[in-house]
Amino acid sequence: MIRLLQIELNKLRSYRAFWVLIILYFVGLAGTLLSIQGIFNSFLDDNVPSQMAAGARWDFYSLPDGWHWLSWIGSFFNLLLPIVVVIIVSAEFSYKTVRQNVITGMSREEWMSGKLILMGFLALMSTLVVVLITLLLGMLHTDLSLGLKMFSKVSFVLGYLLQTSGYLLLAMLMSIIIRNTGVTIGILTVYSLFLERVMYAFLPDGFEGFFPLRAMNDMLPLPIDLLGTGTGVLPILPTIISLIYIGLFSGAGYLILKRRDL
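Throughout, residues of each chain are indexed from 1 in the direction in which the sequence is written. Totals for whole chains, interfaces and linings use all residues, but because this is a predicted model, local features are given only for residues with pLDDT of at least 70 and pairs of side-chain atoms are given and counted only at 80 or more. Note that water and hydrogens are dropped before the side-chain values are worked out from all heavy atoms of the structure.

(A) Highlighting the overall build of the protein. Scanning the protein from terminus to terminus reveals 11 helices and zero strands. The helix count covers DSSP runs of H or I at least four residues long, the strand count covers runs of E at least two residues long, and both are numbered beginning at the N terminus. Across the protein, helices and strands are ordered from the amino to the carboxyl terminus as α-α-α-α-α-α-α-α-α-α-α. Between the two quantities, the radius of gyration covers C-alpha atoms and the globule rule is 2.2 Å times the number of residues to the power 0.38. Computed over its C-alpha atoms, the radius of gyration of the protein comes to 20 Å, within 12% of the 18 Å expected for a compact globule of 262 residues. In terms of principal-axis extent, the alpha carbons of the protein reach across some 70 × 45 × 35 Å. When each of the 262 residues of the protein is scored for burial, the buried share is 43%. Any pair of residues with heavy atoms lying within 4.5 Å of one another is described as a contacting pair. Considering only intrachain contacts with a sequence separation of at least 6, the fraction spanning at least 24 residues in the protein is 78%. Once the 17 positive and 15 negative side-chain charges of the protein are each reduced to a mean point, those two points are 15 Å apart. Remark: exposure states derive from per-residue accessible area (1.4 Å probe, protein chains only) relative to the maximum for the residue type, with buried under 20%, exposed over 50%, and partly exposed in between. For the charge count, each Lys or Arg is scored as positive and each Asp or Glu as negative, with His and the chain ends excluded. Every charge is mapped onto a representative atom, which is NZ of Lys, CZ of Arg, CG of Asp or CD of Glu.

Now the structure itself:
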């Protein structure tokens, strides 16, 4: 596993576009999480009468709710990281790197395993940023006498990890199928923002939760419990559906890679 990850990182060592995009992603993610509470409360201070703003200030950082809030806010960046994956995977087909790897002794299974490990590594690094910032800010905004209760909603971090992994694996699968960077980014964007939602209209109510992106998004619902039905823990059904899709994306990518010409 470590050998395959080292191979993948060595491929990217001189890929300037990857490092620029990945740095921008992590800086944007960390910067947003660190500043989101100040931004919202500054907006309230500037636009809401002072007697109302005092009671309407947002608290994104106090634990245990901070685990849910920052995982949910961080999930919006999962629309950006898959673009990085499309660029690096599609480039391997465009520049015949996959074929060269196979010629020099790497099997298709090893190539696919390396990409899966790289997807997991990126998802873990993104999750680590969320965890560290939540812990740092949570400790500063939480009564530490709560003890272990501060971690009662930490399961939403797992939801963030699974959602990030699912988005990356979908991007990788589409890159393996289409093999063109621009076209893949276009189709992935249209599907993520519009197409899946359009398909909801043709199905009975309730079936939208079985679509991949909807299931992954449902793992991290809006932290404000508008209907009073929230449980404060990671929803079980969307999590199971998301795990199934993660397996399907990985398996489908392998089967397509195995059967198609490189």
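Now that the structure has been shown, the text picks up again.
(B) The packing of helix α8 (residues 155-178) against helix α9 (residues 181-200), seen in detail. Where helices are involved, their axes are fitted lines through C-alpha atoms of the stretch in contact, as for all axes, and angles between N-to-C directions lie from 0 to 180°. Put simply, α8 and α9 touch, their axes get as near as 9 Å, and they point 135° apart. As far as their axial angle goes, α9 and α8 are oblique. Seen along the crossing, α8 lies across α9 with a hand that is right-handed. Here α8 contributes Leu170, Ala171, Met174, Ser175 and Ile178 to the contact with α9, which in turn contributes Val183, Thr184, Ile187, Leu188 and Tyr191. The scheme is simple: roughly parallel for angles under 35 degrees, roughly antiparallel for over 145, roughly perpendicular for 65 to 115, oblique for anything else. For a crossing to be left-handed, the near helix must be turned anticlockwise from the far one by less than a right angle; the clockwise case is right-handed.

(C) Region of the structure containing the pattern of salt bridges. Salt bridge, as used here, is a side-chain nitrogen of Lys or Arg placed within 4 Å of a carboxyl oxygen of Asp or Glu. Tallied over the entire structure, the rule returns seven salt bridges. In this structure, the salt-bridge partner of Glu92 is Lys115, at a minimum N-O distance of 2.5 Å. Pair noted here: Glu92 is in helix α5 (residues 81-94) and Lys115 is in helix α7 (residues 108-141), with a separation of 23 residues, a long-range link. On the basis of relative accessibility, which here comes to 1%, the residue Lys115 falls in the buried class. Note that Arg214 and Asp218 form a salt bridge whose closest N and O atoms lie 3.2 Å from each other. Of this pair, Arg214 and Asp218 both sit in helix α10 (residues 212-218), four residues apart, which is roughly one turn of the helix. Three or more residues are tied together by salt bridges with common partners; here these are Glu8, Lys11, Glu92 and Lys115.

(D) Up close: the nonpolar core. We call a set of buried residues a nonpolar core when its members are Ala, Val, Leu, Ile, Met, Phe, Trp, Tyr or Cys and they connect through side-chain atoms within 4.5 Å of each other. In terms of nonpolar packing, the biggest core is built from 64 residues, with Leu70, Ile73, Val85, Val89, Trp111 and Met172 touching the most fellow members. The element that contributes the greatest number of residues to this core is α8, accounting for 12 residues. Residues contacting Ile73, with those up to four places away along its chain left out, are Thr32, Leu33, Ile36 and Phe60.

(E) Molecular detail of a nonpolar patch on the surface. Think of a patch as exposed residues, more than 30% relative accessible area, with no salt bridge, where like charges cluster within 9 Å and nonpolar side chains (Val, Leu, Ile, Met, Phe, Trp, Tyr) cluster within 5 Å. All accessibility values rest on the Shrake-Rupley procedure with a 1.4 Å probe; residue burial counts only the protein chains present in the view. Residues Leu79, Leu80, Val190, Leu193, Phe194, Leu195, Val198, Phe202, Leu203, Phe207, Phe210 and Leu237 make up a contiguous nonpolar surface patch of roughly 1100 Å² in combined accessible area. Of the residues forming the nonpolar patch, the biggest block, five residues, is contributed by α9. Looking at the element boundaries, Phe210 is found in the loop between α9 and α10.

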